[in-house]
Amino acid sequence: MSDIRTTKTITLTGAQRVLSAARKEADRLGCPMCIAVTDTAGLPILTARMDSSPFGAIPIALNKARTVVGFNGIATAEWWPSIRDDPAMVHGITHTPGLVVFGGGVGLFDGELLVGAIGVSGGETSEDENVAQAGALALS
């Protein structure tokens, strides 16, 4: 048994493909977005702020991606349904700096292995989610 673990992470080329597909979906929706693609440590590989997208969406997109990789690939849209009926959890978890509990962050996978995440912000939650999903599908 080794004391060293090898991890796989998305490459710049893969991140470019993800970002391109996400941007294409945002264009199709007519919604300018901020898009962040991170590695498995939550470090940004690529970020983009589409023309006319809100400045405030930049850190939200990055936090969505970081939330996903920080919790082993759990999409941000999965958080609220699982905590909404637990007042203590809602109060506690929603005060965690950088944690996002609404849609727009999804994992990037190589098979079942998490290799990064995409976070999208700038539209309604369903639009953010659609754009993030479109980006993630480009990797598979």
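Check the entry above for the structure.
If you're wondering where the values come from, they're calculated on a predicted model, not measured in any experiment.

**Description of the pattern of salt bridges**
Okay, step 1: This structure, assessed with the given rule, holds 3 salt bridges.
Okay, step 2: Between Asp 110 and Lys 8 there is a salt bridge, and its shortest N-O distance comes to 2.9 Å. With a gap of 102 residues between them, Asp 110 in strand β3 (residues 105-110) and Lys 8 in the segment before α1 (12-29) connect regions that are remote in the sequence.
Okay, step 3: Accessibility expressed as a relative area gives 42% for Asp 110, which makes it partly exposed.
Okay, step 4: The salt bridge partner of Arg 28 is Glu 25, with a shortest N-O separation of 2.8 Å. Of this pair, Arg 28 and Glu 25 both sit in helix α1, 3 residues apart, which is roughly one turn of that helix.
Okay, step 5: Residue classification places Arg 28 among the exposed residues on the basis of a relative accessible area of 59%.

**Some remarks on the sheet that holds strand β1 (residues 34-38)**
Okay, step 1: Here we have 4 strands laid out as an open sheet, ordered β2-β1-β4-β3, and antiparallel in their pairing. Across the chains shown, the open sheet's two edge strands, defined by having one partner strand only, are β2 (44-49) and β3. Neighbour-to-neighbour, the strand axes of the sheet open up by a mean angle of 15°, direction not taken into account.
Okay, step 2: When β1 meets β2, the two strands line up antiparallel, connected through 5 bridges. Residue pairing for β2: Val 37 is matched across the bridge by Leu 46.
Okay, step 3: Across the sheet, α1 is in contact with β1, β2, β3 and β4 (113-121); its angle to β2 comes to roughly 25°.
Okay, step 4: Lying over the sheet, helix α2 (residues 57-70) contacts β1, β2, β3 and β4, oriented at roughly 155° with respect to β4.

**Observations concerning the packing of α1 against helix α5 (residues 125-137)**
Okay, step 1: At a minimum axis separation of 7 Å, α1 and α5 run at an interaxial angle of 145°. Once α1 is placed against α5, the crossing between them reads as right-handed. Counted together, Val 18, Ala 21, Ala 22, Glu 25, Ala 26 and Leu 29 of α1 and Glu 127, Asn 130, Val 131, Ala 134, Gly 135 and Ala 136 of α5 form the full contact between these two elements.
Okay, step 2: The residue inventory of the contact of α1 with α5, partitioned by class, reads 8 nonpolar, 2 polar and 2 charged.

**Some remarks on α1**
Okay, step 1: With 18 residues, α1 extends 25 Å between its outermost C-alpha atoms, agreeing within 8% with the 26 Å of an ideal straight helix rising 1.5 Å per residue.
Okay, step 2: Along α1, the positions that sit buried rather than exposed are Gly 14, Ala 15, Val 18, Leu 19, Ala 21, Ala 22, Glu 25 and Ala 26. Down the axis, α1 shows its buried residues gathered within 160° of arc, on one side only. Facing away from the buried surface of α1 by more than 90 degrees, the exposed residues are Thr 13, Lys 24 and Arg 28.
Okay, step 3: Those residues of α1 that are buried lie in contact with β1, β2, β3, β4 and α5.
Okay, step 4: A positive backbone phi angle near 70° is found at Gly 30, which sits one or two residues after α1.

**Brief notes about the packing of aromatic side chains**
Okay, step 1: If you walk through the whole model with that rule in mind, you get 1 aromatic pair.
Okay, step 2: With 4.9 Å between their ring centres and 80° between their planes, Phe 71 and Trp 79 make a pair best called edge-to-face.

What counts and how
- Residues numbered from 1 in each chain as written.
- Predicted model: local features only at pLDDT ≥ 70, side-chain atom pairs only at ≥ 80, totals over all residues.
- Heavy atoms only, no water.
- Salt bridge = Lys/Arg side-chain N within 4 Å of Asp/Glu carboxyl O.
- Helix = DSSP H or I, 4+ residues; strand = E, 2+ residues; numbered from the N terminus.
- Buried < 20%, exposed > 50% of the residue type's maximum accessible area, 1.4 Å probe, protein only.
- Pairing = 2+ DSSP bridges.
- Axes fitted to C-alpha atoms, helices over the stretch in contact; angles between N-to-C directions.
- Contact = heavy atoms within 4.5 Å.
- Left-handed = near helix turned anticlockwise from the far one by under 90°.
- Nonpolar A, V, L, I, M, F, W, Y, C, P; charged D, E, K, R; others polar.
- Expected span 1.5 Å × (residues − 1).
- Arc of directions from axis to C-beta.
- Phe/Tyr/Trp six-rings, centres within 6.5 Å; stacked < 30°, edge-to-face > 60°.

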